[in-house]
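Here is how the chains run, residue by residue.
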Amino acid sequence: MTVSKNAAATTEKTTPRQIKLPTRHWYKPHTWRRNLPLPPRRKLSSVIQLLKQTISLLRADWRTFAGITAFYGIGVLIFVRSFSIGSTETSSGLESSGSKVGETATLLAQVIGDATASLSAASGVYQTIISTICCLALIWAFRQILSNEKAGVRSSFYLGMAPLIKYLLVLAMLGVQLLPTVIGGYLMSIAIDSALLFGWELAVATGIFLMLLLWSLRLITPTIFALFIVTLPDMNPLRSIRSAKKMVYRRRLQIWRKLLGAAVISSIVIVMLLIPFVLWWSVGAPWMMFVASVVIVPIGQAYLYCLYREIL
């Protein structure tokens, strides 16, 4: 009897104690949210520090990244833009008013609007295919460089395509999570165009759209980083999304501050680069915008990867 009691006591001491999470009930709102304890985390770097890390990462093997960027630019130019950069109306407007500083903002908006114009269904498919291939190649190259191993353009495209199916599944989940924003924006545009809403009704509809937008942003925050996690060996889409949720737990606001800060800085840089073309060489402004839209892809991917390593 004494031996059995000692054995039971030994078992209790050696068995690790686990915290049992409370059960969620749909009829008890106070059980909907679980305030889990925060694990030890380091403070995230500032936007400027992350941009410096991004530049250092790209400079470590600039030939490889230049090759991947060139592949992306040529693919978009041929299959997405069909060698058409800048519409005729925009080019003529720039030529007639390019010397007027007062109209720079309007002409700049025309160039940016032409570059971000909605594409056809076929062009959108080509854009998705080319972007996916180049993003996988960039992620593989980032890991090789940070592991002090040699990366190359050919190896990045050949070996980086291994997790393609898993990456596409997570990307599809990202698209599903954006549906609330898409549906809310579509209904909002219909209501505004048909002049159905006025005054407080329009304010309520705008509030609902903003709630849907915030919901989508909350959902896609972990999925953005799951796109990097899913490319690891022996990783599946569901595990990558669960891991990403733990990484961003109670950090979503900080992460979006870093993303919005980088977006503001990059937008300012692009505008500053476009202004001389708009003022003095209007024909080259659409092409400069195209080059900027191509170069921003590896830079943005590198920035996201540096942020992903920060929140690990």
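Residues numbered from 1 in each chain as written. Predicted model: local features only at pLDDT ≥ 70, side-chain atom pairs only at ≥ 80, totals over all residues. Heavy atoms only, no water.

A. Here's a closer look at the overall build of the chain. A count of helices and strands for the chain gives 13 helices and zero strands. Helices and strands appear in the chain in the N-to-C order α-α-α-α-α-α-α-α-α-α-α-α-α. Within the span of the chain, comprising 312 residues, buried residues form 36% of the whole. Relative to all contacts within the chain whose residues are 6 or more apart in sequence, the contacts with residues 24 or more apart total 78%. Summed over all atoms, the accessible surface of the chain reaches about 19,600 Å², with 67% contributed by carbon and sulfur. (Helix = DSSP H or I, 4+ residues; strand = E, 2+ residues; numbered from the N terminus. Buried < 20%, exposed > 50% of the residue type's maximum accessible area, 1.4 Å probe, protein only. Contact = heavy atoms within 4.5 Å. Areas by Shrake-Rupley, 256 points an atom, 1.4 Å probe, with all protein chains shown as cover.)

B. Summary view of the packing of aromatic side chains. Throughout the structure, instances matching the rule amount to nine aromatic pairs. Geometrically, the ring pair formed by F65 and F142 is tilted, given 5.3 Å between the ring centres and 45 degrees between the ring planes. In this pair, F65 is assigned in helix α3 (residues 62-80) and F142 in helix α6 (residues 121-146), connecting sequence segments 77 residues apart. Residues F65 and F142 agree in their burial class; the two are buried. Aromatic side chains F79 and Y126 sit 5.5 Å apart centroid to centroid with 40 degrees between the ring planes, which places their arrangement in the tilted category. Here Y126 lies in helix α6 and F79 lies in helix α3, a separation of 47 residues in the sequence. Pairwise contacts between aromatic rings join F65, F142, F228, Y305 and Y308 into one cluster. (Phe/Tyr/Trp six-rings, centres within 6.5 Å; stacked < 30°, edge-to-face > 60°.)

C. Representation of α3 in the model. For α3, which comprises 19 residues, the first-to-last C-alpha distance of 25 Å matches the rise-based estimate of 27 Å (1.5 Å per residue) to within 8%. When we look at burial in α3, the residues that qualify are T64, F65, I68, T69, Y72, G73, G75, V76, L77 and V80. Looking at the buried residues of α3, the elements they touch are α2 (47-60), α6, α7 (153-159) and α13 (285-310). Remark: S82 follows α3 within two positions and exhibits a positive phi of approximately 55 degrees. (Expected span 1.5 Å × (residues − 1).)

D. How the structure looks around the environment of Q254. Note on placement: Q254 falls in helix α12 (residues 252-280). By relative accessible area, Q254 is classed as partly exposed at 33%. Separated by 210 residues in the primary sequence, Q254 and L44 have C-alpha atoms spaced 8.2 Å apart.

E. Spatial organisation of the packing of α2 against α13. At a minimum axis distance of 9 Å, the contact between α2 and α13 shows a crossing angle of 115 degrees. The chirality of how α2 crosses α13 is right-handed. For the pair α2 and α13, contact is made by V47, L50, L51, Q53, T54, L57 and L58 and by P298, I299, A302, Y303, Y305, C306, L307 and E310, respectively. Broken down by class, the residue content of the contact of α2 with α13 amounts to twelve nonpolar, two polar and one charged. (Axes fitted to C-alpha atoms, helices over the stretch in contact; angles between N-to-C directions. Left-handed = near helix turned anticlockwise from the far one by under 90°. Nonpolar A, V, L, I, M, F, W, Y, C, P; charged D, E, K, R; others polar.)

F. How the structure looks around the side chain of S240. Turning to its location among the elements, S240 is positioned in helix α11 (residues 237-247). Polar side-chain contacts of S240 include one of 2.6 Å to the backbone oxygen of P237. (Polar contact = N/O pair within 3.5 Å; in protein donor to acceptor, adjacent residues only side chain to side chain.)

G. Focus on the confidence of the model for the chain. Summarising the model, the chain shows a mean pLDDT of 82, and 79% of its residues fall at 70 or more. Long-range and interchain partners of residues 7-19, a stretch whose pLDDT sits below 50, account for zero contacts in this model, where long-range means more than four residues apart. Overall, residues 88-99 carries pLDDT values under 50, and its contacts beyond four positions in sequence, including any with other chains, amount to 20 contacts. (pLDDT = per-residue confidence, 0-100.)

H. Seen up close, the state of the cysteines. Counted under the stated rule, the structure contains zero disulfides. C134 takes part in no disulfide bond, and the closest cysteine sulfur to it belongs to C135, at a distance of 7.2 Å. C135 sits in the buried class, given a relative accessible area of 12%. (Disulfide = S-S within 2.5 Å.)

I. The arrangement of a nonpolar patch on the surface in detail. A grouping of M173, V176, L178, L179, V182, I183, Y186, L187 and I190 is seen on the molecular surface, where their side chains present a nonpolar patch of about 810 Å² in accessible area. When you line up the elements, V182 lands in helix α9 (residues 179-193). (Patch = residues over 30% accessible without salt bridge, like charges linked within 9 Å, V, L, I, M, F, W, Y side chains within 5 Å. Salt bridge = Lys/Arg side-chain N within 4 Å of Asp/Glu carboxyl O.)

J. Structural view of the environment of M288. Mapped onto the secondary structure, M288 falls in helix α13. The spatial distance from the C-alpha of M288 to the C-alpha of L274 is 6.8 Å, given a sequence separation of 14 residues. Excluding its chain neighbours within four sequence positions, the residues that come into contact with M288 are L273, L274 and F277.

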